[in-house]
Amino acid sequence: MTLFRRLALLAVALLCLPSLALAASAKTYAVAPFAVHGPEKYQYLSQGAQSMLESRMNWPGHLAPMDKSKVGSRLAKAPGSEAEAKKTLADIGADYLAYGSITVSGEQASVDIMVIGQNGQKWPKNFTTKMGDLIPAMERTAQSLNNEIFQRPAAKGDAAVNQMNPNFVVNQTNQNQKVYLNPNFRYAGPADSPGVWRSQSMPFVSRGIAIDNLSGTGKNEVAILGDHSVQVFAYKDRQLLPVAKYEVPPNIKLLKISTLDINGDGKAEIIVSSRYFKDPRSFILQLDGNHLKELYKDIKLYLNVATVPPDFSRQLVGSKGDPKDLFVQGVHNVIFSGGQPALSTRLNLPSKANPFNFVYLPEKSGYKVILNDDKDHLVVYTAKGERVAATEDQYCGSAIGLEYDSLMAPMEKPKSDYLWTYYYIPLPMLVTNLDKGDRFELLVSKNISLAAQFFETFRTFSQGEIHSLYWDGVGMSLLWKTRRIKGTITGYALADIDNDGQKELVVCINTWPGATGVYARRTIVLAYKLDTTSMSQPGEFGIDMGGQ
């Protein structure tokens, strides 16, 4: 071997020494499933807490989780005692083992975490928190453990996070991250904030909004649902110009507006779900020049458009009505048989699902089903129908109420002062993936109203926000939200309203002139630009800001 070759090999060996030393010094750890003490519905926290703590303790080059294939079945359940934990640690050959328990009582969770090392050292942690704050509390505890055991420095977060719009408030996922404002502070932004387009004030009250290529020209139009009308507008010169209008009789109650190209002609049709006394009476419209013509009317189904697995394509769905319980159980795909809409395959959904209150939230292993219950809470189900979580906060509340009474005989006519029970049609739950990552987000509205907290039937809200939520393995967590919006949110969409090739977050509101001036309400449309020029990974979760 020549001297040159020997020197080259020696140089390569010397270069490899730091990385080999680093690999040799890296410690390993394992996290056992948590023991859960409480109602059966919270048993999913066992593996959820295990997975979350395992990901938070990971410190590349210093601390790595054990290969699960090597651990095998030796970590199938939580250790029952410290002696059992020490034996498990010795069996798997890791440097550290973390295990613990979660005790759920009402809306409170008590968490005990223990980390033990091969040398017999122990690091106990315990805390009590609300169920909704469980994940942030566990994240803080994991950071504390890393600091105490491994002297891990705090994450660098001195640079301001790029936000896709300054009118969005970003959730802080670590203490050093600089953002525009802590989401715990509620505030309203000025009407002329940069990044927000605002339409002219329009002299009618809105109930919903849909944006799609209705004309077949390749440009989007805006369809707004009113109390007794459907109106189509075109965006031009920073205004919404009227294109067409369709009116219905006063005894038809309009509930929901959506769009879909149902006949494949390149033009999206407008699907309107409505009610005539106690029965569904939906209809489908098509834009023809400056007119809206009926393609189908008097459809005896409640209709909506949903994104349906396995390919998560947009499909027309619906269900039959029931005079006593509003909806016949089961939501179905809708096909056109004999020229008329008809129910087809039933969707895999929980029993309380109806055409308006569900979405499928895709994930790596399949999907979750999110239901908006009759109290405006978001309830999370697995694909097998197992309920795994529910939000404390209320979302998607609307003022579109359907009266019903399951105890009343079908043919009985109530008196004028009859006390009905009301079901309120929820506002949309929009599933999106703004950062093009492997985690989907859910865009929902949140009403801000002191009166609504005390009066169940008070549904005209003076202000609100749009929240972006994500499934964190245990519950739905906040990713970002808009600044407070003055007015009642009546609908929203992710769509290219100005036809510039980029989608905007579009929000339709009714102005709020005060409780005594509800008859003076008007409609305004807001559009938030989404800046996708920079993405940042938020800690382990972070702020994934971007455009769809």
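Predicted model, so just to flag it, every value in this text is computed and none were measured.

**Q** What should I look at first to understand the sheet that holds strand β18 (residues 302-308) in this one?
**A** What links the strands of a sheet is backbone hydrogen bonding, and the strands pair in either a parallel or an antiparallel sense. Spatial ordering of the open sheet is given by β18-β19-β22-β23, a layout of four strands whose pairing is antiparallel. Edge strands, defined here as strands with exactly one partner in the open sheet, are β18 and β23 (340-346). Each strand of the sheet is rotated relative to its neighbour by a mean of 55 degrees, with strand direction disregarded. In the sheet, β18 pairs with strand β19 (residues 313-319) via seven bridges, with the strands oriented antiparallel.

**Q** Help me out: how do you make sense of helix α4 (residues 82-92) in this one?
**A** Helical periodicity: at 3.6 residues per turn, an α-helix aligns residues three or four positions apart in one direction. Every buried residue of α4 is listed here: Ala85, Thr88, Leu89 and Ile92. Here the buried residues of α4 occupy an arc of 100 degrees about the axis, which is enough to place them on one side. Opposite the buried face of α4, by more than 90 degrees, sit the exposed residues Ala83, Lys87 and Ala90. Gly93 lies just past α4 and shows a positive phi near 80 degrees.

**Q** So what exactly am I meant to see when it comes to the sheet that holds strand β25 (residues 366-372) here?
**A** Pairing is antiparallel in the open sheet, where four strands are placed in the order β24-β25-β26-β27. Edge positions in the open sheet fall to β24 (358-363) and β27 (387-394), since each of these has one partner strand only. Each strand of the sheet is rotated relative to its neighbour by a mean of 25 degrees, with strand direction disregarded. Examined bridge by bridge, β25 and strand β26 (residues 377-382) share five bridges and lie antiparallel to one another. By the bridge assignment for β26, Asn372 is matched with Leu378.

**Q** How should the side chain of Asp472 be read in this particular structure?
**A** Mapped onto the secondary structure, Asp472 falls in the loop between β32 (463-471) and β33 (476-482). Looking at Asp472, its side chain comes within polar contact range of the main-chain nitrogen of Val474, at 2.8 Å.

**Q** What is the right way to look at the pairing of β32 in this model?
**A** Consecutive residues of a regular strand have side chains that alternate between opposite faces of the sheet. The element β32 is extensively covered by neighbouring structure, given that eight of its nine residues are classed as buried. With eight bridges joining them, strand β31 (residues 441-448) and β32 adopt antiparallel strand pairing. Along β32, the bridge assignment pairs Glu441 with Tyr470. Where β32 meets strand β34 (residues 485-486), two bridges bridge the pair, whose relative direction is antiparallel. Bridge pairing in β34 links Gln463 to Lys486. By the bridge criterion, five bridges tie β32 to β33 in an arrangement that is antiparallel. From the neighbouring strand, Ser468 faces β33, where its bridge partner is Trp480. Adjacent in sequence and paired antiparallel, β32 and β33 are bridged by four residues, among which Gly473 carries a positive phi angle near 100 degrees.

What counts, and where the lines are drawn
- Residues numbered from 1 in each chain as written.
- Predicted model: local features only at pLDDT ≥ 70, side-chain atom pairs only at ≥ 80, totals over all residues.
- Heavy atoms only, no water.
- Pairing = 2+ DSSP bridges.
- Helix = DSSP H or I, 4+ residues; strand = E, 2+ residues; numbered from the N terminus.
- Axes fitted to C-alpha atoms, helices over the stretch in contact; angles between N-to-C directions.
- Buried < 20%, exposed > 50% of the residue type's maximum accessible area, 1.4 Å probe, protein only.
- Arc of directions from axis to C-beta.
- Polar contact = N/O pair within 3.5 Å; in protein donor to acceptor, adjacent residues only side chain to side chain.

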